[in-house]
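Descriptive structure summary
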Amino acid sequence: KYLFNKKIYIEKKVIFRYNKMISNFQVQEVRFLEKVMVHLKGRQKDAQGRTTKIQMSAEGEHYLKAGKHYVKYMDNSIDKDAPVSTMLKIAEDSLTIIRQGAIGGTQRFQKDVEHNSDYRTPYGILELKLRTTKLDISYGDVAGEVDFCYDVIVNGEFSGHNKLSIVISKLK
(Lines give C-alpha, C1' and ligand atoms only; values in the text may rest on other atoms or scores of the structure.)
Protein backbone atom coordinates (compact mmCIF):
# COMPACT_ATOMS: atom_id res chain seq x y z
CA LYS A 1 0.00 0.00 0.00
CA TYR A 2 1.08 3.56 -0.64
CA LEU A 3 0.62 6.58 1.61
CA PHE A 4 0.68 9.93 -0.15
CA ASN A 5 1.09 13.09 1.95
CA LYS A 6 -0.16 11.18 5.00
CA LYS A 7 0.37 13.09 8.24
CA ILE A 8 1.20 11.09 11.33
CA TYR A 9 1.01 12.97 14.63
CA ILE A 10 3.26 11.92 17.47
CA GLU A 11 3.64 13.27 21.02
CA LYS A 12 4.77 16.92 21.40
CA LYS A 13 3.01 17.68 18.12
CA VAL A 14 5.92 16.63 15.93
CA ILE A 15 4.64 15.97 12.43
CA PHE A 16 6.28 13.54 10.03
CA ARG A 17 5.22 13.22 6.39
CA TYR A 18 5.78 10.07 4.41
CA ASN A 19 5.55 9.89 0.64
CA LYS A 20 6.87 6.40 -0.04
CA MET A 21 5.71 2.83 0.39
CA ILE A 22 5.00 1.82 4.00
CA SER A 23 7.92 -0.59 3.97
CA ASN A 24 10.31 2.13 2.79
CA PHE A 25 9.16 5.45 4.23
CA GLN A 26 11.32 8.55 4.44
CA VAL A 27 10.85 11.67 6.51
CA GLN A 28 10.26 14.64 4.20
CA GLU A 29 9.88 17.32 6.84
CA VAL A 30 9.61 17.81 10.56
CA ARG A 31 7.65 20.66 12.12
CA PHE A 32 7.67 21.55 15.81
CA LEU A 33 4.55 23.47 16.84
CA GLU A 34 5.04 26.11 19.52
CA LYS A 35 2.39 28.33 21.09
CA VAL A 36 3.16 32.03 20.51
CA MET A 37 1.66 35.47 21.08
CA VAL A 38 1.41 37.76 18.05
CA HIS A 39 1.38 41.54 18.63
CA LEU A 40 0.65 43.74 15.63
CA LYS A 41 0.91 47.52 15.74
CA GLY A 42 0.70 49.83 12.78
CA ARG A 43 -0.26 53.04 11.10
CA GLN A 44 -2.03 53.52 7.79
CA LYS A 45 -1.86 56.88 6.02
CA ASP A 46 -4.27 57.23 3.10
CA ALA A 47 -3.82 59.29 -0.08
CA GLN A 48 -5.54 62.29 1.57
CA GLY A 49 -3.14 62.21 4.53
CA ARG A 50 -5.57 60.77 7.09
CA THR A 51 -3.94 58.39 9.57
CA THR A 52 -5.48 55.28 11.12
CA LYS A 53 -3.77 53.32 13.88
CA ILE A 54 -4.04 49.54 14.20
CA GLN A 55 -3.28 47.41 17.24
CA MET A 56 -4.03 43.73 17.76
CA SER A 57 -2.83 40.77 19.82
CA ALA A 58 -3.67 37.10 19.35
CA GLU A 59 -2.43 33.68 20.36
CA GLY A 60 -1.08 31.55 17.56
CA GLU A 61 1.16 28.69 16.58
CA HIS A 62 4.71 28.77 15.19
CA TYR A 63 6.62 26.15 13.27
CA LEU A 64 9.78 26.04 11.20
CA LYS A 65 9.72 24.49 7.74
CA ALA A 66 12.50 24.51 5.14
CA GLY A 67 14.30 27.34 6.95
CA LYS A 68 11.24 29.61 7.06
CA HIS A 69 9.18 30.57 10.11
CA TYR A 70 5.40 30.09 9.88
CA VAL A 71 3.02 31.73 12.34
CA LYS A 72 -0.72 31.06 12.20
CA TYR A 73 -3.29 33.08 14.17
CA MET A 74 -6.79 34.56 13.95
CA ASP A 75 -6.70 38.28 13.06
CA ASN A 76 -9.57 40.44 14.35
CA SER A 77 -7.98 43.82 13.54
CA ILE A 78 -10.22 44.41 10.51
CA ASP A 79 -13.52 43.14 11.93
CA LYS A 80 -13.84 42.15 15.61
CA ASP A 81 -16.89 39.97 14.81
CA ALA A 82 -15.30 38.07 11.90
CA PRO A 83 -11.70 37.05 12.64
CA VAL A 84 -9.63 36.01 9.63
CA SER A 85 -7.28 33.03 9.58
CA THR A 86 -3.83 34.51 8.97
CA MET A 87 -0.53 32.81 8.18
CA LEU A 88 2.79 34.65 8.28
CA LYS A 89 5.61 33.11 6.25
CA ILE A 90 8.82 34.75 7.42
CA ALA A 91 12.00 34.20 5.41
CA GLU A 92 15.40 35.85 5.73
CA ASP A 93 14.54 38.60 3.23
CA SER A 94 10.76 38.46 2.78
CA LEU A 95 7.41 38.29 4.53
CA THR A 96 4.30 36.70 3.04
CA ILE A 97 0.88 37.17 4.64
CA ILE A 98 -1.83 34.70 3.66
CA ARG A 99 -5.40 35.46 4.78
CA GLN A 100 -8.47 33.25 4.48
CA GLY A 101 -11.97 34.19 5.58
CA ALA A 102 -14.26 37.18 4.98
CA ILE A 103 -11.21 38.82 3.41
CA GLY A 104 -8.47 36.90 1.71
CA GLY A 105 -5.41 36.92 -0.43
CA THR A 106 -1.67 36.60 -0.39
CA GLN A 107 0.53 39.64 0.16
CA ARG A 108 4.30 39.43 -0.31
CA PHE A 109 6.76 41.98 1.01
CA GLN A 110 10.38 42.24 -0.10
CA LYS A 111 12.50 45.40 0.29
CA ASP A 112 12.56 47.60 -2.82
CA VAL A 113 10.38 45.14 -4.75
CA GLU A 114 6.82 45.65 -5.99
CA HIS A 115 4.48 42.65 -5.80
CA ASN A 116 1.00 42.26 -7.28
CA SER A 117 -1.79 40.78 -5.20
CA ASP A 118 -5.52 40.18 -5.48
CA TYR A 119 -7.25 41.14 -2.22
CA ARG A 120 -10.68 39.55 -1.78
CA THR A 121 -13.23 41.53 0.26
CA PRO A 122 -16.99 41.06 0.80
CA TYR A 123 -17.44 43.88 -1.77
CA GLY A 124 -15.27 42.39 -4.52
CA ILE A 125 -11.67 41.81 -5.48
CA LEU A 126 -9.13 44.62 -5.40
CA GLU A 127 -5.99 44.51 -7.54
CA LEU A 128 -3.14 45.62 -5.30
CA LYS A 129 0.46 46.54 -5.93
CA LEU A 130 2.55 46.52 -2.78
CA ARG A 131 5.83 48.45 -2.92
CA THR A 132 7.94 47.64 0.16
CA THR A 133 10.16 50.54 1.22
CA LYS A 134 11.46 49.03 4.47
CA LEU A 135 11.73 45.45 5.72
CA ASP A 136 13.65 44.57 8.90
CA ILE A 137 13.43 40.96 10.08
CA SER A 138 14.98 39.85 13.36
CA TYR A 139 14.09 36.29 14.27
CA GLY A 140 15.37 33.64 16.67
CA ASP A 141 14.22 30.04 17.06
CA VAL A 142 10.57 30.81 17.83
CA ALA A 143 10.32 34.52 18.68
CA GLY A 144 11.13 37.54 16.58
CA GLU A 145 10.11 40.85 15.09
CA VAL A 146 9.24 42.11 11.63
CA ASP A 147 9.10 45.86 10.93
CA PHE A 148 8.06 46.99 7.49
CA CYS A 149 6.68 49.92 5.50
CA TYR A 150 4.97 49.73 2.15
CA ASP A 151 2.96 51.75 -0.34
CA VAL A 152 -0.40 50.44 -1.53
CA ILE A 153 -1.60 51.01 -5.09
CA VAL A 154 -5.23 49.91 -5.65
CA ASN A 155 -6.47 49.42 -9.21
CA GLY A 156 -3.57 51.56 -10.47
CA GLU A 157 -3.97 54.50 -8.04
CA PHE A 158 -1.92 55.33 -4.96
CA SER A 159 -4.04 54.46 -1.93
CA GLY A 160 -1.72 54.98 1.01
CA HIS A 161 1.40 54.20 2.98
CA ASN A 162 1.43 51.60 5.76
CA LYS A 163 3.89 51.02 8.57
CA LEU A 164 3.59 47.78 10.58
CA SER A 165 5.45 46.07 13.38
CA ILE A 166 4.78 42.42 14.18
CA VAL A 167 6.27 40.99 17.37
CA ILE A 168 6.07 37.24 18.01
CA SER A 169 6.90 35.91 21.48
CA LYS A 170 6.90 32.36 22.78
CA LEU A 171 4.17 31.52 25.30
CA LYS A 172 5.38 29.71 28.39
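Whatever comes next refers back to the structure up there.
Residues numbered from 1 in each chain as written. Predicted model: local features only at pLDDT ≥ 70, side-chain atom pairs only at ≥ 80, totals over all residues. Heavy atoms only, no water.

Overview of the packing of aromatic side chains
Inclusion rule: Working definition: rings of Phe, Tyr and Trp (its six-membered ring) pair if their centres are within 6.5 Å, and the pair is stacked with planes under 30 degrees apart, edge-to-face with planes over 60 apart, and tilted otherwise. When a residue's accessible area, from a 1.4 Å probe over protein chains only, is under 20% of the maximum for its type it is buried; when over 50% it is exposed; and in between it is partly exposed.
Counted according to the given criterion, the structure contains 4 aromatic pairs. Geometrically, the ring pair formed by Tyr-63 and Tyr-70 is stacked, given 5.1 Å between the ring centres and 5° between the ring planes. Between Phe-148 and Tyr-150, the ring centres sit 5.7 Å apart and the planes meet at 15°, which makes this aromatic pair stacked. Pair check on accessibility: Phe-148 and Tyr-150 agree, each one buried. Through a chain of ring-to-ring contacts, the aromatic side chains of Phe-109, Phe-148 and Tyr-150 assemble into a single cluster.

Examining the pairing of strand E8 (residues 95-100)
Just so we agree on the cut-off: At least two bridges found by DSSP between two strands are what make those strands a pair. Counting from the N terminus, the helices are the DSSP runs of H or I reaching at least four residues and the strands are the DSSP runs of E reaching at least two.
As judged from the 6 bridges shared by strand E7 (residues 84-90) and E8, these two strands associate in the antiparallel manner. Bridge pairing in E8 places Met-87 opposite Ile-98. Hairpin connection from E7 to E8: 4 residues lie between these consecutive antiparallel strands. The pairing of E8 with strand E9 (residues 105-109) spans 5 bridges and is antiparallel. Within E9, the residue paired with Ile-98 across the bridge is Thr-106. Hairpin connection from E8 to E9: 4 residues lie between these consecutive antiparallel strands, with Gly-101 at a positive phi of about 150°.

Geometry only, nothing functional implied.
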